[in-house]
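In case you want the letters, here they are:
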Amino acid sequence: MPNSVAICFGLNYPGTSGSLEGCDMDAYTMSDVAASMGIEDINTVTDTDAPITREQVLGSLREMVTSAQPGDTLLFSFAGHGGQTADQNGDEGDGKDEFIQCSDGPITDDEIRAILADLPEGANMTMVCDSCRSGTIADIDLGDSDIAGNVVVLSATAPHENSGDDPDGGLFSNALANVVANNPGVTWAEVAELIDAADGSDTQTANVSANRPELLYEPAFAPVAGEARDETEDESAPASGSMATEDRDGDGRQERIVETLEDGTVVERVDIDGDGVTDVTATHYTDGTTMLEHDMNGDGYADTVAMFSAEGSVTYVSTDAPVFSDGAVSGDGYHETRLETNLDGTQSIGIDYDGDGVLETNADTNHDGLIDGAMDVNQDGASDLVLGTNLAGAVTDLAAIADINIGCDMCC
């Protein structure tokens, strides 16, 4: 049987000039979230009676990682001071490491990242940080292939922002608990935006990152699985040409269906919210590529389609959301925004500004560094304006085609 462990730290730094209010409440809030997931071993640690040291925090995280086995569910949370300091190894684009503060000194993102590197394959780690400047507190990036396990990090702020606290707990932690309670099945890709909408603050921005892109389409803070799954040798995987089903909540509906086709392609369909409609479909091809389709509004149509290479990089994304819509799904069945990266390094971008099914803007970035743009001004499907630029941004070619046939008050 897999293990499930959570440790939740909350530091108020009592008796110091930098004392906070409510971080102890954040630790208990995250313990409640852990309990709602079905985690069995939950440890809540606050500095109400004694200071919390670097070694306590690092040692707890290290013990979780080194003891982990495939199928284990791990939750590590920290609420307290955070900040930035000079980058020590040249891995930060802004020249600054992020850190969380203990009673006897800071713990940097590099130290956290080094521990997570030992997480074994098949183990699942969720990290939550309610601290200032915590946006990249674990330095986890999509496609972080040197971490064998699965890691998702959810933080309260961007690297340049502060996190608000209150005697009743942090804005982020309380909003997180409300989002998880009221949105069962919400994915990691959606949870940060929902937290931002719920916390009532326009000065802090929740951030989520993962070491594998497909993790972002899985349910956030999902209930603990009943059985361990060793992904290196999964006996539950169906044989070629067969199908496996799983009724996760005992309601008679199959929330997870895995079908292996004759050619070896594996299609996994997941009903996240148990309404009988497939929310996420993952198609794993024999060449190692994966296609993810996400029905965000339950209408039976894929609102977001993403393709990933065998190495985990994104090669294609299209979404059913109008431009400048703040990510809202239009649900009209048209994919208004499309981005494709080809094997030779070229990229194709298509934008349907008004959602009528016609791509008004196409941009093709060629492997030779030239950028060509085409705009269909009158939406008849023919290019009315073609623009070519070089890498320096200089216009190299401008052709206005007579097909435009529209009025213009600003002519050359």
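Residues numbered from 1 in each chain as written. Predicted model: local features only at pLDDT ≥ 70, side-chain atom pairs only at ≥ 80, totals over all residues. Heavy atoms only, no water.

How would you explain the confidence of the model for the chain if you had to name every residue and give the values?
Averaged over all residues, the pLDDT of the chain is 75; the fraction at 70 or higher stands at 62%. Segment residues 364-372: pLDDT under 50, and 26 contacts once partners within four positions in sequence are set aside and those in other chains are kept. Note that pLDDT drops below 50 for residues 383-412; the model gives that stretch 50 contacts with residues more than four away or on any other chain. (pLDDT = per-residue confidence, 0-100. Contact = heavy atoms within 4.5 Å.)

Run through the packing of aromatic side chains, naming residues and quoting values.
For the structure on display, the rule yields two aromatic pairs. Taking the centre distance of 5.8 Å and the plane angle of 55° together, the rings of Phe-9 and Phe-76 count as tilted. On the criterion of sequence distance, the pair formed by Phe-9 in strand β1 (residues 4-10) and Phe-76 in strand β3 (residues 73-79) is long-range, its members being 67 residues apart. Of the two residues, Phe-9 and Phe-76, neither departs from the other in class, the shared state being buried. Relative to Phe-221, the ring of Trp-188 lies with its centre 4.9 Å away and its plane at 55°, an arrangement referred to as tilted. With a gap of 33 residues between them, Trp-188 in helix α5 (residues 188-198) and Phe-221 in the loop between β9 (207-210) and β10 (243-246) connect regions that are remote in the sequence. (Phe/Tyr/Trp six-rings, centres within 6.5 Å; stacked < 30°, edge-to-face > 60°. Helix = DSSP H or I, 4+ residues; strand = E, 2+ residues; numbered from the N terminus. Buried < 20%, exposed > 50% of the residue type's maximum accessible area, 1.4 Å probe, protein only.)

Go over the sheet that holds strand β5 (residues 96-102) with me, naming the residues and quoting the values.
Read from one edge to the other, the open sheet built from three strands follows the order β4-β5-β6, with strand pairing classed as antiparallel. For this open sheet the edge positions go to β4 (82-86) and β6 (105-108), each flanked by a neighbour on one side alone. Between one strand and the next, the sheet's axes are offset by a mean angle of 45°, whatever the strand orientation. This element, helix α2 (residues 54-67), spans β5 and β6 of the sheet and lies at about 25° to β6. In the packing of helix α3 (residues 109-116) onto the sheet, the strands contacted are β5 and β6, and the crossing angle to β6 comes to about 50°. (Pairing = 2+ DSSP bridges. Axes fitted to C-alpha atoms, helices over the stretch in contact; angles between N-to-C directions.)

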